[in-house]
Amino acid sequence: MSPDSGLPADDESAVGGVHIKYLVHCPRQLWLYARGYRPEQRSDLVAFGEVVDDTTFTRRRDVDLGEAKIDWVTTGAVVHETKSSRAPAPGHTAQVRHYCLLLERRGVNVRGGVVHYPLIRRTTDVAWDDDARAEAEDTEAQAQAVIAASTAPDRLLRGKCRGCSYLDYCWGD
Ligand code: SF4
């Protein structure tokens, strides 16, 4: 589907973890993604991430919520997300907070989350409390507003686009 073809490809009310990650990285990326533009499926970096994801924790169980697929949830409940990135990013914690929100809406008593960075042997804890819930709800509302917008948000400054799989589309590289 062309990114210019009108309405979002996804149900705009169903905001998943990827939507949140892209929103925090770049609202334009979210807008394009919601309209079916998926260059990341061809990206070597994404393929590499999937290999890391598939091989790091072999005994985990995915939790498929429909709009979001959580890497795994341990007793408690603690949401776990694995990233192939070598640098923690705000979008990663926002994504985990969103998963906490989605689970809580399904009646799960969520304790918090952890983002795992196996390539740098690091983890980041994600708190789940009233402030985190309010932040997650606000982020979700922002994502819904971006997805519903009739025109694409502006590009980021060129320097912030480095490594983005949407570079070809946005800058014609
Ligand atoms: S290339 Fe830049 S402007 Fe385009 S989606 Fe990526 S970060 Fe956003």
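Up top is the structure these notes are about.
Each value, and the rule that gives it
- Residues numbered from 1 in each chain as written.
- Predicted model: local features only at pLDDT ≥ 70, side-chain atom pairs only at ≥ 80, totals over all residues.
- Heavy atoms only, no water.
- Helix = DSSP H or I, 4+ residues; strand = E, 2+ residues; numbered from the N terminus.
- Buried < 20%, exposed > 50% of the residue type's maximum accessible area, 1.4 Å probe, protein only.
- Contact = heavy atoms within 4.5 Å.
- Areas by Shrake-Rupley, 256 points an atom, 1.4 Å probe, with all protein chains shown as cover.
- Near = heavy atom within 4 Å.
- Nonpolar A, V, L, I, M, F, W, Y, C, P; charged D, E, K, R; others polar.
- Axes fitted to C-alpha atoms, helices over the stretch in contact; angles between N-to-C directions.
- Pairing = 2+ DSSP bridges.
- Right-handed = clockwise from strand over helix to strand, strands pointing away.

This next bit is on the overall build of the protein. On a plain count of helices and strands, the protein comes out with six helices and six strands. If you list the helices and strands of the protein from N to C, you get α-α-α-β-β-β-β-α-β-β-α-α. Residues counted as buried form 42% of the 173 residues belonging to the protein. Taking all contacts inside the protein whose residues are at least 6 apart in sequence as the whole, residues at least 24 apart take part in 67%. Here the protein has roughly 9500 Å² of accessible surface; of this, 49% comes from carbon and sulfur atoms.

Right, let's get into the site of the ligand. Every residue lining the ligand is accounted for by His25, Cys26, Arg28, Gln29, Arg155, Leu156, Cys161, Cys164, Tyr166, Leu167 and Cys170. Counting residues per element, the ones that place at least two in the shell around the ligand are α2 (27–34) and α6 (167–171). Grouping the amino acids of the shell around the ligand by side-chain chemistry returns seven nonpolar, two polar and two charged.

Our next topic: the packing of helix α1 (residues 17–25) against α2. Remark: α1 packs on α2, axes separated minimally by 5 Å, with the N-to-C direction vectors making an angle of 145°. Taken together, the residues of α2 that come into contact with α1 (itself represented by Val18, His19, Tyr22, Leu23 and His25) are Pro27, Gln29, Leu30 and Tyr33. Counted by class, the contact of α1 with α2 contains six nonpolar, three polar and no charged residues.

A few words now on the pairing of strand β4 (residues 78–82). β4 sits mainly inside the fold: five of its five residues count as buried. The turn joining strand β3 (residues 72–74) and β4, which pair antiparallel and follow one another in sequence, is formed by three residues; a positive phi near 150° is taken by Gly76. Sheet analysis places β4 next to strand β5 (residues 112–117), joined by five bridges and oriented parallel. Paired with Val79 across the two strands is Gly113, which belongs to β5. In this view, the connection linking β4 to its parallel neighbour β5 by way of helix α4 (residues 90–105) has right-handed handedness.

Just geometry here; none of it tells us what the structure is for.
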